Amino acid sequence: MDKTKWSRDEFMLVMNLYTKLRYGQFNYHNSEVIKIASLIGKTPGAVAFKLVHLSRQDPKHKDRVKGLANPGKNAIEIYNEFANNWDEMLYESEVILARYQNKRVEDIALDGQDIEYIERDILNGKDGIDIERLVKTRVNQSIFRKVVLNNYSNSCAICNLNIDTLLVASHILKWSANQTNRLNPENGLCLCSIHDKAFERGYIGIRSDYKVLISSRLNYIKEKETFNAFFKRHENHSIKLPDKFYPNREFLEQHYASTFIS
Ligand SMILES: [Zn+2]
């Protein structure tokens, strides 16, 4: 077999890594790049090069990598397959990542507490299909969080708070209402718990120009200093934009129309 050729699984793993790293992390010194390279028997440099190539598909980075050669048909195909079906492709790539390490997908994607929940459900006699669905849902939530938080450099897109445990990978279109975009990184916003809840409840809206709107409903808050600190001072300011996977403008407008209380 030609060792310079990349298999589909290898592309899947590089694309999986692409979603989890920022542009500035696409280099052969990065520990995640080194890890994937050793799993698939390529050099870290070759993996980093593929990552940079993949950014040609991203409108924000397209111009930065103009001079580089085309990433190749297979890489573009995989990128588009992900973009058309984030739900299945991200999960599938995570399963491949586990397989390359001789592990189960839940072992690499979930923390101890999550696994305890799943084991408790197994002990409670849930059947195989329920358990499989449960594992998939939790793995997907965990990958989505990783992708979204990293993409926003682990800080709230509205207030910049950068405490991981207080950050949420918020969905623009609700997880429950929109099945096809559950894992689409363009449907994600990294928000702190307060701004996540306020966005979900419609106290905050974000228009397609990325400017923040504050609902007049909050004008009644008596504690003006708190109101200003948490909300008013962000009004009409642009959110902090991510490294890639910009929030989808259509999704933002849909959220504004259906959820924002003006
Ligand atoms: Zn915030």
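Residues numbered from 1 in each chain as written. Predicted model: local features only at pLDDT ≥ 70, side-chain atom pairs only at ≥ 80, totals over all residues.

This brings us to the overall build of the protein chain. Regarding its fold elements, the protein chain presents 11 helices and four strands. Expected size for 262 residues packed as a compact globule is a radius of gyration near 18 Å; at 20 Å, the protein chain falls within 12% of this value. Seen along its three principal axes, the alpha-carbon backbone of the protein chain occupies a region of about 70 × 55 × 30 Å. Counting over 262 residues, the protein chain shows a buried share of 34%. (Helix = DSSP H or I, 4+ residues; strand = E, 2+ residues; numbered from the N terminus. Rg over C-alpha atoms; globule rule 2.2 N^0.38 Å. Buried ≥ 20, exposed ≤ 12 C-beta atoms within 10 Å, placed from the backbone.)

Next up on the list: helix α5 (residues 86-100). The end-to-end C-alpha distance of α5, which contains 15 residues, comes to 21 Å, matching closely the 21 Å that a straight helix rising 1.5 Å per residue would cover. All of the buried residues in α5 are Trp86, Met89, Leu90, Tyr91, Ser93, Glu94 and Leu97. Among the structural elements, α1 (8-20), α4 (73-84), α6 (105-109) and α8 (128-151) are those in contact with the buried residues of α5. Asn102 sits one or two residues past α5 and shows a positive phi near 55 degrees. (Expected span 1.5 Å × (residues − 1). Contact = placed C-beta atoms within 7 Å.)

Structurally, the protein chain comprises domain 1 (8-84), domain 2 (105-151) and domain 3 (164-258). Computed over C-alpha atoms only, the centres of domain 2 and domain 3 are separated by 26 Å. With seven residues of domain 2 in contact, the opposing surface of domain 3 contributes 11 residues. Of the residues in the side of domain 2 that touches domain 3, the class split is four nonpolar, two polar and one charged. (Domains from an automatic or database assignment. Nonpolar A, V, L, I, M, F, W, Y, C, P; charged D, E, K, R; others polar.)

This part is about the nonpolar core. One finds Val14, Met15, Leu51, Cys156, Ala157, Cys190 and Leu191 to be the most contacted residues of the largest nonpolar core, which totals 60 residues. Of the residues forming this core, the biggest block, seven residues, is contributed by α1. When sequence neighbours within four positions are dropped, the list of residues in contact with Leu51 reads Val14, Leu17, Tyr18, Leu21 and Phe26. (Core = buried A, V, L, I, M, F, W, Y, C linked by C-beta atoms within 7 Å.)

Let us now look at α1. With 13 residues, α1 extends 19 Å between its outermost C-alpha atoms, agreeing within 8% with the 18 Å of an ideal straight helix rising 1.5 Å per residue. Burial of α1 is extensive: 10 of the 13 residues sit out of reach of the surface. Those residues of α1 not exposed but buried are Glu10, Phe11, Met12, Leu13, Val14, Met15, Asn16, Leu17, Tyr18 and Thr19. If you follow the buried residues of α1, they end up packed against α2 (31-40), α3 (44-54), α4, α5 and α8.

Further remarks concern the pairing of strand β2 (residues 188-192). Of all five residues in β2, five are buried, a share of seventy percent or more. As judged from the five bridges shared by strand β1 (residues 167-171) and β2, these two strands associate in the antiparallel manner. Bridging from a neighbouring strand, Val168 pairs with Leu191 of β2. (Pairing = 2+ DSSP bridges.)

The next subject is the packing of α2 against α3. Packing of α2 against α3 leaves a shortest axis separation of 8 Å and a crossing angle of 110 degrees. Here α3 runs roughly perpendicular to α2, going by the angle between their axes. For the element pair α2 and α3, the recorded crossing hand is right-handed. Contacts between α2 and α3 involve Val33, Ile34, Ile36 and Ala37 on the former and, on the latter, Pro44, Ala46, Val47 and Ala48. Residue classes in the contact of α2 with α3 are distributed as eight nonpolar, no polar and no charged. (Axes fitted to C-alpha atoms, helices over the stretch in contact; angles between N-to-C directions. Parallel < 35°, antiparallel > 145°, perpendicular 65-115°, else oblique. Left-handed = near helix turned anticlockwise from the far one by under 90°.)

Bringing unusual backbone geometry into the picture now. With a phi close to 50 degrees, Asn154 is a non-glycine residue in the positive phi region. Looking at the secondary structure, you find Asn154 in the loop between α8 and β1. Here Tyr210, not a glycine, exhibits a phi torsion of approximately 70 degrees, which is positive. Position of Tyr210 relative to the elements: it lies in the loop between β3 (204-206) and β4 (212-214).

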